[in-house]
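# Architecture at a glance
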Amino acid sequence: MSNKGWNRREFLWGVSQSALTLAVLGRTSQQVIASTKKPTSVLVLGAGLSGLYTALLLEAKGVSVTVLEARDRIGGRVHTLDDLPGKPEAGAISFGKKYQRLLDLTERLKLSLEEAQPFEKELLLHIRGESITAQNWAQSTANKLTENERNIIPPRLLVHYLQKNNPLKNSTAWTDPKHSDLDISFEKYLRSKGASDEAIRLMEPTYITNGLDTTSALWSLGHARKFQDYFGKPIHIKGGNSRLVEKMAAALKSPVKTNKVVASIKSSKTGVEVNCKDDSRFKANYAVVTLPFSVLREVEIAPALPEKQAEAVQELSYTAVTKIYLKVLQPFWEKDDYPPMTWTDSPLQRIIPIRDNAEKVTNLICWVNGKNAQMLDTMSTKELSQFFNFEIKKIRPAMVNNVDIIKLVSWGKDPYAKGAYSYFAPGQISRFRDAMAQPWGRIHFAGEHTAIASPGMESALESAERVAKEIFTAIG
Ligand SMILES: Cc1cc2nc3c(=O)[nH]c(=O)nc-3n(C[C@H](O)[C@H](O)[C@H](O)COP(=O)(O)OP(=O)(O)OC[C@H]3O[C@@H](n4cnc5c(N)ncnc54)[C@H](O)[C@@H]3O)c2cc1C
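Computed from a predicted model, the values in this text were never measured in an experiment.

## A closer look at the UniProt feature "binding site: substrate" (unreviewed entry) in the chain
- Listed under "binding site: substrate" (unreviewed entry) in the UniProt record, and renumbered for this structure, are His 223.
- Along the chain, His 223 falls in helix H9 (residues 217–230).

Here it is in structure tokens:
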């Protein structure tokens with residue numbers, strides 16, 4: 001996992017001089033191939049951000065790369081819904097000015113950035129069956145928080161507890177064994193910092209995991225530190241984040257092979273063999289696996305992974321996220337005179353407006369995380385639609401008949417993601433962190449779940465750089 005002997009700038013300079021630039025500027029790729037010491041081939045499994053960036057980095061040094069992707073589209077958890085008004089994102093939405101790798105890539109690929117929609121300042125709270133404006137929250141009878149907490153609106157409680165006195169001073173500190181005493185239940189940690197039962201109840205549903213009790217406090221603090229260090233004003237790629245992965249794929253010498261669902265990976269002394277569900281077979285000197293562990297656990301790996309790594313593949317947690325995209329038929333907020341955004345302690349959790357550049361609401365997303373998302377995932381589309389209408393009648397009657405469900409996206413049910421983001425349960429950082437991304441024979445591992453320092457999309461790119469260095473070292 002270390003970057004010993006590598007200077008990131010030199011490494012990227014190598015890239016800027018070769019595949020990306022050549023492909024993007026249309027120069028011949030022969031010069032790149034000429035720089036290879038020995039002919040080496042690599043199978044990259046998965047065409048998400050980490051797989052595509054790995055492939056570009058390897059091609060830049062003359063490695064012959066084949067990318068295998070299960071879906072009929074590239075990008076994985078970067079997916080702009082081009083078929084919906086306003087082109088909302090199904091996956092990654094925004095990033096910050098310190099996502100250096102992502103910013104370098106967008107510059108090289110001549111993509112434009114623009115400010116992403118900021119978080120809504122005004123919102124309607126619907127708590128314990130009552131509708132309350134944020135301004136009236138502190139005095140509301142539905143507010144059962146303690147004296148120390150009652151001035152904080154429920155969506156800000158987590159920020160309050162996570163950013164106040166975060167013991168992790170930088171974005172890699174969560175991997176330092178000196179903090180392993182924090183690898184305990186996040187709920188227990190929050191209680192030790194004074195969080196009341198009611199604060200726990202309100203924080204639980206919308207947190208970015210499936211439960212406060214089943215999440216490591218160390219992971220949560222590390223995640224909070226990374227976001228604090230990396231984010232700032234949210235930005236995104238003009239026209240949608242899928243434009244980035246599309247351009248990355250187009251810059252590859254060999255097109256991504258889509259509809260290739262990897263079923264088994266074998267590593268031997270001389271190379272790797274990958275078999276896909278359509279019975280196609282691919283051989284190369286090395287494989288880079290970027291599949292989320294939630295999916296990799298169904299792929300046969302031979303020889304079997306070492307015990308701890310195998311446990312990590314089986315047990316790493318992934319957050320269920322279900323998004324219900326809504327078309328606005330009538331501006332219902334003009335009827336009830338509340339802001340368009342709703343935050344509630346009932347199962348629909350958050351209904352967030354999507355705005356165009358003129359701030360006009362184009363549509364809405366009902367964004368549900370964790371256990372509530374898992375509950376929605378058990379429903380048929382018809383049942384979910386009935387449940388949604390039943391719930392909005394209670395939380396926002398003005399919405400009834402004034403919004404229409406136009407799309408459902410469930411990352412939990414997605415067969416090639418099985419969750420939106422990885423996270424560690426209590427005790428898992430100490431058990432798995434060092435073992436989980438170790439190369440096994442000729443199989444190497446990348447993907448957001450294997451990164452250390454950076455969050456979100458940047459973490460996928462961080463992992464690609466690390467794995468490309470591993471392969472270059474292995475080639476010699
Ligand atoms: C709802 C949501 C919101 C997010 N918001 C943000 C945000 O605002 N900012 C941010 O920075 N990040 C955000 N992220 C996180 C970001 O999208 C991910 O960290 C990043 O895209 C992960 O890239 P990856 O390459 O590691 O994984 P993936 O993108 O999942 O790539 C893995 C690839 O492997 C493929 N695959 C799976 N199984 C197989 C198989 N058997 N055979 C072959 N291929 C297979 C998949 O189809 C996929 O293309 C969000 C993610 C989600 C889901």
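Right, picking up where we left off after that structure.
## Here's the deal with the domain arrangement of the chain
- When the domains of the chain are assigned, the result is domain 1 (8–74 + 242–315 + 425–475) and domain 2 (152–230).
- On the domain 2 side, the residues contacting the 13 residues of domain 1 number 17 residues.
- Overall, the association of domain 1 and domain 2 removes approximately 1100 Å² of surface from exposure, summing both partners, and the carbon and sulfur fraction of that is 68%.
- When the buried area of domain 1 at its contact with domain 2 is split by residue, Pro 426, Ile 429 and Pro 455 rank highest and sum to 45% of it.
- Across the domain 1-domain 2 interface, the total number found is zero salt bridges.
- For the pair domain 1 and domain 2, the number of links is six residue pairs in polar contact (both at pLDDT 80 or more).
- For the side of domain 1 that touches domain 2, the element with the highest residue contribution is helix H16 (residues 428–432), accounting for three residues.
- Tallied by class, residues from the side of domain 1 that touches domain 2 come to seven nonpolar, four polar and two charged.

## Regarding the sheet that holds strand S10 (residues 286–289)
- Judged by pairing direction, the sheet is parallel, and its four strands sit side by side in the order S2-S1-S10-S19 without closing on themselves. Lying at the two open borders of the sheet, with one neighbouring strand each, are strand S2 (64–68) and strand S19 (443–445). If you compare each strand with its neighbour and ignore which way they point, the axes differ by 20° on average.
- Along the sheet face, helix H4 (residues 49–60) touches strand S1 (41–45), S2 and S10 and points at about 165° away from the line of S1.

## Considering the site of the ligand
- In the vicinity of the ligand, 35 residues are found, and the nearest of them are Ser 50, Glu 69, Arg 71, Arg 77 and Ser 94.
- With respect to the ligand, the backbone of Val 262 contributes an N or O atom lying 2.8 Å from a nitrogen atom.
- Its free accessible area being 1000 Å², the ligand has 96% of it covered by the protein chains.
- Every element with two or more residues in the shell around the ligand is listed here: H4 and helix H17 (456–475).
- For the shell around the ligand, the element with the most residues is H17, which contributes three residues.
- Of the residues contributing to the shell around the ligand, the split by class is 20 nonpolar, ten polar and five charged.

Rules used in this analysis
- Residues numbered from 1 in each chain as written.
- Predicted model: local features only at pLDDT ≥ 70, side-chain atom pairs only at ≥ 80, totals over all residues.
- Heavy atoms only, no water.
- UniProt positions renumbered as here; feature names shortened; annotations may be inferred.
- Helix = DSSP H or I, 4+ residues; strand = E, 2+ residues; numbered from the N terminus.
- Domains from an automatic or database assignment.
- Contact = heavy atoms within 4.5 Å.
- Buried area = accessible area lost by both parts, 1.4 Å probe.
- Salt bridge = Lys/Arg side-chain N within 4 Å of Asp/Glu carboxyl O.
- Polar contact = N/O pair within 3.5 Å; in protein donor to acceptor, adjacent residues only side chain to side chain.
- Nonpolar A, V, L, I, M, F, W, Y, C, P; charged D, E, K, R; others polar.
- Pairing = 2+ DSSP bridges.
- Axes fitted to C-alpha atoms, helices over the stretch in contact; angles between N-to-C directions.
- Near = heavy atom within 4 Å.
- Areas by Shrake-Rupley, 256 points an atom, 1.4 Å probe, with all protein chains shown as cover.

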